[in-house]
Amino acid sequence: MKLVTSNRGKYAEYKAIMDSVGVEMELLLMSYPEEQLDTIEEVAERSANYLKGVVAGDFFIDDSGLFIESLGGFPGVYSSYVNRTLGNRGVLKLMEGDKNRNAEFRTCIVYYNGELKLFSGKTSGKISDMMRGSNGFGFDPIFIPDQQDKTYAEMTTEGKNSVSHRSKATMAFLEFLKKKTI
Ligand code: IMP
């Protein structure tokens, strides 16, 4: 099974989980078209439909996004663009003086093995007042998951995996894989 992504940070997180349960996974490092649709599920499904004509064998992809309550769910499906343009500094600036720091990270995994299967995971938390930590990638330095006081970027890969949106989607995916092989 291949993970298709251009994001080595995502790969590191999946690799740690898959290794811990003995599931083999290889990385296919490539980017692919991501259309701007209304939900991450639709974006991921569209991308997987493109990739099934390109990638040999079974594969999965991950589409994720950060949804900030006081910004009406922004950047959501625009997370990649906002990360590249505004960055963490820009997001903190947008939220300056904002008392409501509630936010949610969501992941949708799409697995293709002759047919498409979707698995979702989400983690709620808060947007920090400043950037903290240097681990991980993307918005990790500004997201503090609920019941934690560290940002994702202050956690180890294992620490982030113990609470993250991505690991929850992965657990649902692994559950499916397990049932399939019984
Ligand atoms: P993508 O479209 O799934 O690649 O992700 C959209 C944007 O959200 C990218 O800029 C990523 O860096 C960011 N992102 C996705 N997942 C995470 C995460 O687990 N932590 C921090 N940022 C993330």
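Parameters and conventions
Residues numbered from 1 in each chain as written. Predicted model: local features only at pLDDT ≥ 70, side-chain atom pairs only at ≥ 80, totals over all residues. Heavy atoms only, no water. Salt bridge = Lys/Arg side-chain N within 4 Å of Asp/Glu carboxyl O. Buried < 20%, exposed > 50% of the residue type's maximum accessible area, 1.4 Å probe, protein only. Near = heavy atom within 4 Å. Polar contact = N/O pair within 3.5 Å; in protein donor to acceptor, adjacent residues only side chain to side chain. Areas by Shrake-Rupley, 256 points an atom, 1.4 Å probe, with all protein chains shown as cover. Helix = DSSP H or I, 4+ residues; strand = E, 2+ residues; numbered from the N terminus. Phe/Tyr/Trp six-rings, centres within 6.5 Å; stacked < 30°, edge-to-face > 60°. Expected span 1.5 Å × (residues − 1). Arc of directions from axis to C-beta. Contact = heavy atoms within 4.5 Å. Core = buried A, V, L, I, M, F, W, Y, C linked by side-chain atoms within 4.5 Å.

S.K.: An account of the pattern of salt bridges is requested, with residue identities and associated values reported.
M.R.: Tallied over the entire structure, the rule returns 12 salt bridges. With a shortest N-O distance of 2.7 Å, Glu104 and Arg106 are connected by a salt bridge. The buried category is assigned to Glu104, whose relative accessible area is 18%. With a relative accessible area of 31%, Arg106 lands in the partly exposed category.

S.K.: Tell me what's going on with the site of the ligand, and back it up with residues and numbers.
M.R.: Surrounding the ligand, one finds 16 residues, the nearest of these being Lys10, Ser64, Asp140, Lys160 and Arg166. At 2.9 Å, a side-chain N or O of Arg166 approaches an oxygen atom of the ligand. Protein chains bury 92% of the 480 Å² of accessible surface belonging to the ligand in isolation. Elements with a minimum of two residues in the shell around the ligand: strand 3 (59-68), helix 3 (79-85) and helix 6 (165-181).

S.K.: Explain the packing of aromatic side chains to me, and be specific about the residues and the numbers.
M.R.: Summed over all chains, the structure comprises 10 aromatic pairs. Aromatic side chains Tyr14 and Phe60 sit 5.1 Å apart centroid to centroid with 75° between the ring planes, which places their arrangement in the edge-to-face category. Of this pair, Tyr14 sits in helix 1 (residues 8-21) while Phe60 sits in strand 3, and the two are 46 residues apart along the sequence. Phe60 carries the same exposure label as Tyr14, and that label is buried. Measuring from ring centre to ring centre gives 5.4 Å for Phe119 and Phe176, while their planes differ by 50°; the resulting arrangement is tilted. You can see Phe119 sitting in strand 5 (residues 116-127) and its partner Phe176 sitting in helix 6, a full 57 residues away along the chain. Residue Phe176 is classed as partly exposed on the basis of its relative accessible area, which comes to 23%.

S.K.: An account of helix 2 (residues 40-51) is requested, with residue identities and associated values reported.
M.R.: Think of an α-helix as turning once every 3.6 residues; residues three or four places apart then point the same way. Relative to the 16 Å expected for 12 residues at 1.5 Å per residue, helix 2 spans 16 Å between its end C-alpha atoms, a close match to the ideal helical length. Among the residues of helix 2, those classed as buried are Ile40, Val43, Ala44, Ser47, Ala48 and Leu51. Projected down its long axis, helix 2 shows its buried positions confined to an angular sector of 130°, all on one face. On the buried face of helix 2, the contacting elements are strand 1 (2-5), strand 3, strand 4 (102-112) and strand 5.

S.K.: How would you explain the nonpolar core if you had to name every residue and give the values?
M.R.: Of all hydrophobic cores here, the largest spans 16 residues; its most connected members are Val4, Leu51, Phe59, Ile61 and Val110. Within the residue set of this core, elements represented by two or more residues are helix 2, strand 3 and strand 4. Per-element tally for this core: the top contributor is helix 2, with 5 residues. Core analysis: the next-biggest nonpolar cluster, separate from the first, contains 15 residues, Val91, Leu92, Ile142 and Val163 among them.

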